[in-house]
Amino acid sequence: MGLGYVGLPLAVEFAKEGFSVTGVDIDGTRVEQANQGRSYIPDVSERDLARLVRAKRLVATGAFDGLSNLDVLIICVPTPLRKTREPDISAILSASQAIAKSLRPGQLIVLESTTYPGTTDEVVLPMLEAGGLKVGRDFCLAFSPERIDPGNCTHTTRTIPKVIGGITPTCRDMATLLYRQIVSQVVPVSSTKVAETVKLLENTFRAVNIGLVNEIALMCDKLGLDVWEVIEAAKTKPFGFLAFYPGPGIGGQCIPHDPMYLAWKARVHGFEARFIELADHINRYMPHYVVDKIVQALNARKKPLNGSRILLIGLTYKKDVNDTRDSPAFEVARMLSERGAQVDYHDPYVPTAELNGTRCRSNPLTQDQLRRADCVVILTNHSTLDYSLIRRHAPLIVDTRNQYDQAGRAPSNLVKL
Ligand SMILES: NC(=O)c1ccc[n+]([C@@H]2O[C@H](COP(=O)([O-])OP(=O)(O)OC[C@H]3O[C@@H](n4cnc5c(N)ncnc54)[C@H](O)[C@@H]3O)[C@@H](O)[C@H]2O)c1
């Protein structure tokens, strides 16, 4: 249930192993594309998808009336934040409600959506048991967090170990048996709450370390130091240090959201998650810092931001993906436009996007486009981008991803984060 960045790759892996897979999604476009064998997720090969659809191993549908025919139901629906920055588990609720309506003995239900500790046993379980069936005896319920890293070709659904917690030992064992068919290693844990918290720890670890390195970047700026050079040298230490890199802010469905799920649950229990709040504060400040850098760089050339042409390179929240959800690039674009700049973008993964209420097209990355811009701002480091072209032709570059030489060899038209 949910054929997105998590659900589609998972559906393909099960189908490849010979399972008969049904993908249920409320998004009619995704259902249609999946059934045509057209992949909208870069990590899913179109050839694999088309072959599996042709072989009738994988079928997508918008209809929820066939759920009782399925042996296993895996929930991979979104878990965003509300405007108040509190968890919004409404998609989990509606998926669970749909399953509860036709739950039958023998079914295994697995929740994979990232969520706060207690969602599986305190929220989903009562919904499923409301019809009279008993967990562990009539049906099984487990939580297994998805850990994929879109755009990462080294670690994929099949090679990333899968953590599994069941409501009962039988639930855990059934889910373990299932996932053993498609992943190389499973890691059973004692409860669904532990499995839920494992995922939140992993992403909180990232969010806090990114927050820390962003703060170090802000400090280095004050001290006149190149933060990138500092990190490169620090990471030569063979133990006790793990390199994280500063950037224009965090985005996507995981790093900005997941720690907030944990902090919210902790708050409900009277505990203030201070590291999480602080990291969030610093990470959300970064787009403002980038805009300050642009203003300063233009100012040094006696140009006001108002009326300047700014070309943003990369709209996605990280490299080599087409996912723009919650990308800090939109915040940067909004602040620049509010101050009178004319904002365009180039992103090979995003042909069109809504910038400040207007649908825009990705500008081609040509000498002309680069020369016409008053300032080119590098926001992502897609592997396919031609940075030497940018370097040669942009009159002024603000680089948030360190695409240029280390150790003080930066050209005069370059401002680094
Ligand atoms: N994207 C990632 O890198 C990633 C990695 C690990 C975990 N996660 C987590 O996995 C979950 C899904 O993330 P995603 O990136 O795949 O989201 P997504 O938005 O790409 O896909 C979710 C899909 O679920 C569908 N959907 C919504 N409500 C539904 C319902 N009631 N029934 C059926 N389908 C429904 C949506 O139409 C959408 O296609 C989230 O909890 C996310 O935090 C995401």
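Our subject in this report is the structure included herewith. Values in this document were obtained by computation on a predicted structure and should not be read as measured data.

With that out of the way, let us pick up the site of the ligand. By nearness alone, 27 residues border the ligand, and V6, D25, R30, T79 and R325 come closest of all. In this structure, an oxygen atom belonging to the ligand sits 2.9 Å away from a main-chain N or O atom of V6. Between the ligand and T114 there is a distance of 2.9 Å, counted from an oxygen atom to a backbone nitrogen or oxygen. Protein contact buries 93% of the 830 Å² of open area that the ligand shows by itself. Of the residues forming the shell around the ligand, the biggest block, 3 residues, is contributed by helix α4 (residues 90–101).

Sheet architecture is open: 5 strands sit in the order β3-β4-β5-β6-β7, paired in mixed fashion. Across the chains shown, the open sheet's two edge strands, defined by having one partner strand only, are β3 (72–75) and β7 (186–189). On average, each strand axis in the sheet is inclined to that of its neighbour by 25°, with strand direction left out of account. Pairing between β3 and strand β4 (residues 108–111): 4 bridges, direction parallel. Bridging across to β4, V72 finds its partner in L108. Most of the contacts of α4 go to β3, to which it runs at about 165°, and overall it touches β3 and β4.

Right, let's talk about the nonpolar core for a bit. Counting residues in each nonpolar core, the largest one holds 69 residues, and the members touching the most others are I99, I109, L128, F139 and Y179. Tallying contributions element by element places helix α1 (residues 7–16) first for this core, with 6 residues. If near-sequence neighbours (up to four positions away) are discounted, L128 is found in contact with S96, I99, A100, L103, I109, F139 and L141. One finds A217, I310, L355 and L396 within the second-largest nonpolar core, a separate group that totals 41 residues.

In this section: the pattern of salt bridges. This model, assessed by the stated rule, comprises 27 salt bridges. Note that K162 is salt-bridged to E112, the shortest N-O span being 3.2 Å. Taken together, the residues span a long stretch of sequence, with K162 in strand β6 (residues 162–166) and E112 in the loop between β4 and α5 (119–129) at a distance of 50 residues. Here E112 falls in the buried class, since its relative accessible area comes to 2%.

Basis of the calculations
- Residues numbered from 1 in each chain as written.
- Predicted model: local features only at pLDDT ≥ 70, side-chain atom pairs only at ≥ 80, totals over all residues.
- Heavy atoms only, no water.
- Near = heavy atom within 4 Å.
- Polar contact = N/O pair within 3.5 Å; in protein donor to acceptor, adjacent residues only side chain to side chain.
- Areas by Shrake-Rupley, 256 points an atom, 1.4 Å probe, with all protein chains shown as cover.
- Helix = DSSP H or I, 4+ residues; strand = E, 2+ residues; numbered from the N terminus.
- Pairing = 2+ DSSP bridges.
- Axes fitted to C-alpha atoms, helices over the stretch in contact; angles between N-to-C directions.
- Contact = heavy atoms within 4.5 Å.
- Core = buried A, V, L, I, M, F, W, Y, C linked by side-chain atoms within 4.5 Å.
- Buried < 20%, exposed > 50% of the residue type's maximum accessible area, 1.4 Å probe, protein only.
- Salt bridge = Lys/Arg side-chain N within 4 Å of Asp/Glu carboxyl O.

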